[in-house]
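Tertiary structure, described
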Amino acid sequence: VRQVVAPGVPVRIFQATLSQLDGRMSLPVALPKDAKPGKGGVRVLLDSTLTSSLDGVRRYMTDYPYTCLEQKVSRAIVLEDDAAWKSIRAEMPLYLDGNGLLKYFPDSRIEGSDTLTAYVLAASTESGRELDDSLREKVVGAMKRFVRGELRIRDRLSFADLTLRRIFAAEAVALEGKLEWKDLAS
């Protein structure tokens, strides 16, 4: 029998401060009044840039257990994993629905998602990860139809944020250099 024993009172972060050091800095520090004796502490990190170490992000994404298309794409991009991207790119046509939208899972009977499609298109473009030309053509076409209001998604709950989703889709198409003024008429 294996039993996981978790602390009754886990260590939590109560405050964090991010400051640019330009000379001298003073910051008063004290334990919370209800702190458990011998637990917790103060951690100070100094670095010349905010992005010098992304080890925590890489570790998190390496252990990321989820497998929908959005998460697989995110993981491959964050980890700069060429082999994973090549595999995703080869599988991606299986994620397309009849409208040219991408689905979260290839065997899903649900229509593709405009939000997912815009995300994958924008993330691949911004990260320099190529999509196959035929797939790119289909998803760009679907995004343009969605932005113009010609492609309707049958989700009753998606109407409230429709304008924001169209803006996100328009941005993804614009990153491809394919957005035209007439696309924004809707």
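None of the values given here were measured: they were computed from a predicted structure.

1. Let's talk about helix 4 (residues 114–127)
The first and last C-alpha atoms of helix 4 sit 20 Å apart over 14 residues, in line with the 20 Å expected at 1.5 Å per residue. In the core, the buried residues of helix 4 are packed alongside helix 2 (69–78), helix 3 (82–91), helix 5 (133–148) and helix 6 (162–175). Where helix 4 ends, the next residue or the one after it, Gly-128, has phi of about 80°, a positive value.

2. Structural notes on the pattern of salt bridges
Any two side chains of opposite charge can pair, given that their charged atoms come close. Evaluation of the coordinates by the stated rule reveals 13 salt bridges. Residues Arg-136 and Glu-130 are paired through a salt bridge, measuring 3.5 Å at the closest nitrogen-oxygen approach. Exposure remark for Arg-136: the relative accessible area of 14% places this residue in the buried category. For Glu-130, a relative accessible area of 43% translates into the label partly exposed. The closest approach of N and O atoms between Arg-148 and Asp-183, which form a salt bridge, is 3.0 Å. With a gap of 35 residues between them, Arg-148 in helix 5 and Asp-183 in the segment after helix 6 connect regions that are remote in the sequence.

3. Structural notes on the packing of aromatic side chains
Here the structure, examined in full by the defined rule, presents two aromatic pairs. Their ring planes at 50° and their centres at 5.5 Å tell us that Tyr-60 and Tyr-64 sit as a pair that is tilted. Relative to Tyr-66, the ring of Tyr-64 has its centre 5.3 Å away and its plane inclined at 80°; by these criteria the two rings are edge-to-face. Under the relative-accessibility criterion, Tyr-66 is labelled partly exposed at 49%. Among the aromatic residues, those joined into a cluster by ring pairs are Tyr-60, Tyr-64 and Tyr-66. Above the ring of Phe-146, the side-chain terminus of Arg-166 is found at 5.9 Å from the ring centroid.

4. Considerations on the nonpolar core
In this structure, Leu-69, Val-73, Met-92 and Leu-102 are the most contacted members of the largest nonpolar core, which totals 31 residues. For this core, the secondary structure elements donating two or more residues are helix 2, helix 3, helix 4, helix 5 and helix 6. Here this core takes seven residues from helix 5, the largest share from any one element. Excluding its chain neighbours within four sequence positions, the residues that come into contact with Leu-69 are Ile-88, Met-92, Tyr-95, Leu-102, Lys-103, Tyr-104, Leu-116 and Val-120.

5. Brief notes about the environment of Lys-103
Along the polypeptide, Lys-103 turns up in the loop between helix 3 and helix 4. When the C-alpha atoms of Lys-103 and Tyr-66 are compared, they prove to be 15 Å apart, with 37 residues separating the residues in sequence. Those residues within four positions of Lys-103 in sequence are excluded, and the remaining contacts are Leu-69, Leu-94, Tyr-95, Leu-96, Asp-97, Ser-108, Ile-110, Glu-111, Gly-112 and Leu-116. In terms of polar contacts, Lys-103 uses its side chain to reach the backbone carbonyl oxygen of Pro-106, at 3.2 Å. In terms of polar contacts, Lys-103 uses its side chain to reach the backbone carbonyl oxygen of Ser-108, at 3.1 Å.

6. Focus on a nonpolar patch on the surface
The grouping of Leu-21, Met-25, Leu-27, Val-29, Val-42, Val-44 and Leu-46 at the surface amounts to a nonpolar patch, some 710 Å² of accessible area in total. Note that Leu-27 resides in the segment before helix 1 (55–62).

Rules of the game
- Residues numbered from 1 in each chain as written.
- Predicted model: local features only at pLDDT ≥ 70, side-chain atom pairs only at ≥ 80, totals over all residues.
- Heavy atoms only, no water.
- Helix = DSSP H or I, 4+ residues; strand = E, 2+ residues; numbered from the N terminus.
- Expected span 1.5 Å × (residues − 1).
- Contact = heavy atoms within 4.5 Å.
- Salt bridge = Lys/Arg side-chain N within 4 Å of Asp/Glu carboxyl O.
- Buried < 20%, exposed > 50% of the residue type's maximum accessible area, 1.4 Å probe, protein only.
- Phe/Tyr/Trp six-rings, centres within 6.5 Å; stacked < 30°, edge-to-face > 60°.
- Lys NZ or Arg CZ within 6 Å of the ring centre and 35° of its normal.
- Core = buried A, V, L, I, M, F, W, Y, C linked by side-chain atoms within 4.5 Å.
- Polar contact = N/O pair within 3.5 Å; in protein donor to acceptor, adjacent residues only side chain to side chain.
- Patch = residues over 30% accessible without salt bridge, like charges linked within 9 Å, V, L, I, M, F, W, Y side chains within 5 Å.
- Areas by Shrake-Rupley, 256 points an atom, 1.4 Å probe, with all protein chains shown as cover.

Purely geometric stuff here, so don't read any function into it on its own.
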